[in-house]
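The lines below spell out each chain.
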Amino acid sequence: MRISFFYGNILWFMLAFSVLFFTGMASASMSMETLFKGRLGKSTCTISSPGVVNMGAFSGNGSWPGPPLTININCNGAAVNTYLWGQVIKGDVSYDSIHMIENDNSIFILYLTDAANSSAGTIDFSGNKSFSFCAGTGTRECRLNTRLTIMQSSANSTASVTLRFNLEHK
């Protein structure tokens, strides 16, 4: 039996097409891209403290311990070496004390000491970062003791001071 030239070519074409089609299906591929990003740098910490510390009401002249001030340093589990230093924003610095701003001619003086290192004396708030305190590694709580001295006051005197605590990474 002889297949005509026309049908032979059609069969040959169908065979070749089938081979190419199914070979193409088997070797069909897909691709996907994934981008990996990262940041190379030092871990950082954050600082937080209460917005207001109420020293309370006092009568007459004298010196009294005030409430402690707690400053939290959060390093998110990283072992980062940091320390604090401070500066007075509102008030006057006088060597080892802070003269508070009064509403009259009263004299209010604030002293702060590092509770963990009381032998270091009062904390210097001159804004010089070489007078650091609360040095350590990682997340921690820094507690400062406060002491208020009133040297001269009149009835209904009020006083305030604004301090900035700066966190420095070593």
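An account of the accompanying structure is given in this report.

Rules of the game
- Residues numbered from 1 in each chain as written.
- Predicted model: local features only at pLDDT ≥ 70, side-chain atom pairs only at ≥ 80, totals over all residues.
- Heavy atoms only, no water.
- Pairing = 2+ DSSP bridges.
- Helix = DSSP H or I, 4+ residues; strand = E, 2+ residues; numbered from the N terminus.
- Axes fitted to C-alpha atoms, helices over the stretch in contact; angles between N-to-C directions.
- 1 Å grid on protein atoms, 1.4 Å probe; cavity = no way out; pocket = protein on both sides within 12 Å on 5 of 7 lines; lining within 4 Å.
- Points joined across faces, edges and corners; volume = space filled by probe spheres on them.
- Nonpolar A, V, L, I, M, F, W, Y, C, P; charged D, E, K, R; others polar.

### Structural notes on the sheet that holds strand β9 (residues 133–137)
Strand order across the open sheet formed by 3 strands is β9-β4-β12, with antiparallel pairing between neighbours. Each of the sheet's edge strands pairs with one partner strand only, and the pair in question is β9 and β12 (162–169). Averaged over neighbouring strand pairs, the angle between their axes works out to 25° when direction is ignored. Pairing geometry for strand β4 (residues 81–90) and β12, over 8 bridges, is antiparallel. Residue Y83 lies in a different strand from β12, and its bridge partner there is E168.

### A few points about the layout of surface pockets
Roughly 660 Å³ of volume is contained in the largest pocket. In terms of lining residues, the largest pocket is bounded by 30 residues, among which V53, M55, M100, A159 and S160 are the most central. Here the lining of the largest pocket is composed, by residue class, of 18 nonpolar, 12 polar and no charged. The calculated volume of the second largest pocket comes to roughly 190 Å³. D114, N117, A120, G121, T122, I123, D124, F131, S132, F133, C134 and A135 are the residues that line the second largest pocket. If you tally residues by element for the lining of the second largest pocket, the top one is β9, at 3 residues. Its residues assigned to classes, the lining of the second largest pocket shows 6 nonpolar, 4 polar and 2 charged.

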